[in-house]
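Structural overview
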Amino acid sequence: MSTPAGLFSDTPGFMRCKWCQATPAYQRYHDHEWGFPETDDRQLFEKLCLEGFQAGLSWLTILNKREGFRQAFANFDVDQVARFGDSDIERLVMDAAIVRHRGKIVSTINNARRAIELREEFGSLSAYIWRFEPAANARPKRATLEALKALPIAPEAVALSKDLKKRGWTFVGPTTLYAFMQAMGMVNDHIEGCGVRQAALAARASLKLLKQPAS
């Protein structure tokens, strides 16, 4: 039997989304993190920042530098990053363990300060972000590669991008925000037949959220 489009198998009886084929680390990320629902503020902020750094690059490049990013940005603790100043910016621009893009570094510090504002208004970054979860009926009935490719960027990603920009966030365009929504499990884009898809769906089904819809 042929392997469905968008999947691969290097383990007998188990298929994965083809995009993670490159390295074992990429496969671990796919198997245990991507598409699984996340509510921890620190991890959500990390994912937002790393998706911003990924713009124009491959996600594998960012994943390979993830530990360097964590060390450079105080493990993405928003309170610590919000206190970074000019000397930290110069330090980070010289840090080969991360992507040395001054604009994205400055953006991360700015966004930490904006994240604190969201926390003060909504109680947590998580409570704010999950307001933008797409309705289940907005997703394809079968998540084939063809169906996912045919989808436009989710209106909720556009709305989240627009709202964050209004609140002063940067490097949060709709494409970046949709990738973030995929990574943190707000949408499940594991292809039908992927051995991880059902586990991610079950994790979302068991997650209880107290959320208000986005206005």
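See the structure shown above.
What comes next is a walk through the structure. (Residues numbered from 1 in each chain as written. Predicted model: local features only at pLDDT ≥ 70, side-chain atom pairs only at ≥ 80, totals over all residues. Heavy atoms only, no water.)

Of all hydrophobic cores here, the largest spans 54 residues; its most connected members are Phe69, Phe73 and Ile129. Once you skip the residues sitting within four places of it in the chain, Phe69 turns out to touch Leu50, Phe53, Ile62, Phe76, Ala97, Ile98 and Val99. (Core = buried A, V, L, I, M, F, W, Y, C linked by side-chain atoms within 4.5 Å. Buried < 20%, exposed > 50% of the residue type's maximum accessible area, 1.4 Å probe, protein only. Contact = heavy atoms within 4.5 Å.)

Turning next to unusual backbone geometry. For Ala74, which is not a glycine, the phi torsion comes out positive at approximately 50 degrees. Positionally, Ala74 belongs in the loop between α4 (66-72) and α5 (78-82). Despite not being glycine, Phe76 shows a phi value in the positive range, around 60 degrees. Looking at where Phe76 falls in the secondary structure, it is placed in the loop between α4 and α5. On the accessibility criterion, Phe76 (0% relative accessible area) is buried. (Helix = DSSP H or I, 4+ residues; strand = E, 2+ residues; numbered from the N terminus.)

It is worth spelling out the layout of surface pockets at this point. Approximately 620 Å³ is the volume attributed to the largest pocket. Trp19, Trp34, Tyr178, Gln182 and Asp189 are the residues nearest the centre of the largest pocket, which is lined by 23 residues in total. Among the elements of the structure, α1 (24-32), α2 (41-54), α9 (145-150) and α11 (174-183) are those that each provide at least two residues to the lining of the largest pocket. The element best represented in the lining of the largest pocket is α11, accounting for 5 residues. Counted by class, the lining of the largest pocket contains 15 nonpolar, 4 polar and 4 charged residues. By volume, the second largest pocket is sized at about 250 Å³. What lines the second largest pocket is a set of 18 residues, and nearest its centre among them are Arg139, Met186, Val187, Asn188 and Leu201. Per element, the largest residue contribution to the lining of the second largest pocket is 4 residues, and it comes from helix α12 (residues 197-206). Tallied by class, residues from the lining of the second largest pocket come to 10 nonpolar, 3 polar and 5 charged. (1 Å grid on protein atoms, 1.4 Å probe; cavity = no way out; pocket = protein on both sides within 12 Å on 5 of 7 lines; lining within 4 Å. Points joined across faces, edges and corners; volume = space filled by probe spheres on them. Nonpolar A, V, L, I, M, F, W, Y, C, P; charged D, E, K, R; others polar.)

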